[in-house]
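Tertiary structure, described
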Amino acid sequence: MDIKIEPSWKEALKEEFSKPYFLELAEFVRKEYKSTKIYPPPKFVFHAFELCPFDKVRVVILGQDPYHGEGQAHGLSFSVPAGIRMPPSLQNIYKEIESDLGLKAPASGNLEHWAKQGVFLMNATLTVRANHPGSHQHKGWEEFTDAVIKALSDKKEHLVFLLWGKYAQEKGAVIDRTKHLVLTAPHPSPYSVASGFFGCRHFSKTNEYLKQHGQEPIRWVE
């Protein structure tokens, strides 16, 4: 089937789009959008892929579900559009950036400027019913995003994977740690942030690794 996704990703993942699980997933998602309120809006389902083409990926940050509140989800893990109230996990991410890098965090929770620098912000599940967290889990998205992670691990070198929380760490089990840097920490949610996310220094460690491999550091704050 013809999936509207950025061309380099379409090439890297071409085998997935004809598999039975993906055909069933696509049909499920299509019916959901027709019958109920789904986030993000259809044009943003593959937004992370559009802003960060396969050949531009340098850093990967995994989330779990899209935000399920009005106006929050726009296809990038942890990110919200400008003008939308910043969720607690993102507030804590910004606090760690301030502590780690000594930079004042921005007022906006829009992380598109990260994506455009090669930070791939992908949720494990790319859609969700409004006000029903987890409602599109176990429908096929996880298999698709596992394939995304494996493609990145297998076909690229010297990526940085930031795996926050048990779910992301388990999902990252397929990553080849002999050719990529994998940094782990508790999830930045208020429930776990104080158990090791604060003080993890993942943002400076990421930039140090990138520079060691001849790449530009990420400008975490514009």
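About the thresholds
- Residues numbered from 1 in each chain as written.
- Predicted model: local features only at pLDDT ≥ 70, side-chain atom pairs only at ≥ 80, totals over all residues.
- Heavy atoms only, no water.
- UniProt positions renumbered as here; feature names shortened; annotations may be inferred.
- Pairing = 2+ DSSP bridges.
- Helix = DSSP H or I, 4+ residues; strand = E, 2+ residues; numbered from the N terminus.
- Axes fitted to C-alpha atoms, helices over the stretch in contact; angles between N-to-C directions.
- Contact = heavy atoms within 4.5 Å.
- Polar contact = N/O pair within 3.5 Å; in protein donor to acceptor, adjacent residues only side chain to side chain.

Naming follows an unreviewed UniProt entry, where the protein chain appears as Uracil-DNA glycosylase. If you open the UniProt record of the protein chain and go to Subcellular location (unreviewed entry), you find "Cytoplasm". The Sequence similarities (unreviewed entry) comment attached to the protein chain in UniProt states, word for word, "Belongs to the uracil-DNA glycosylase (UDG) superfamily. UNG family."

Here the focus is the sheet that holds strand β6 (residues 181–185). Judged by pairing direction, the sheet is parallel, and its four strands sit side by side in the order β3-β2-β5-β6 without closing on themselves. The open sheet is flanked by β3 (119–123) and β6, the only strands paired with a single partner. Here the strands of the sheet are splayed against their neighbours by 20 degrees on average, with no regard to which way each runs. Note that strand β5 (residues 160–164) and β6 share five bridges and pair parallel.

Feature annotation in UniProt places "active site" (unreviewed entry) on D65, given in this structure's numbering. Inspection of the secondary structure puts D65 in the loop between β2 (59–63) and α4 (88–101). The residues contacting D65, other than those within four sequence positions of it, are N123, T125, V128, P133, G134, S135 and Q137. Separated by 2.5 Å, the side chain of D65 and the backbone nitrogen of G134 make a polar contact.

Moving on: the UniProt feature "domain: Uracil-DNA glycosylase-like" (unreviewed entry) in the protein chain. Per the UniProt record, "domain: Uracil-DNA glycosylase-like" (unreviewed entry) is found at residues 50–210. For residues 50–210, helix accounts for 31% and strand for 14%, while the C-alpha atoms at its two ends are 22 Å apart.

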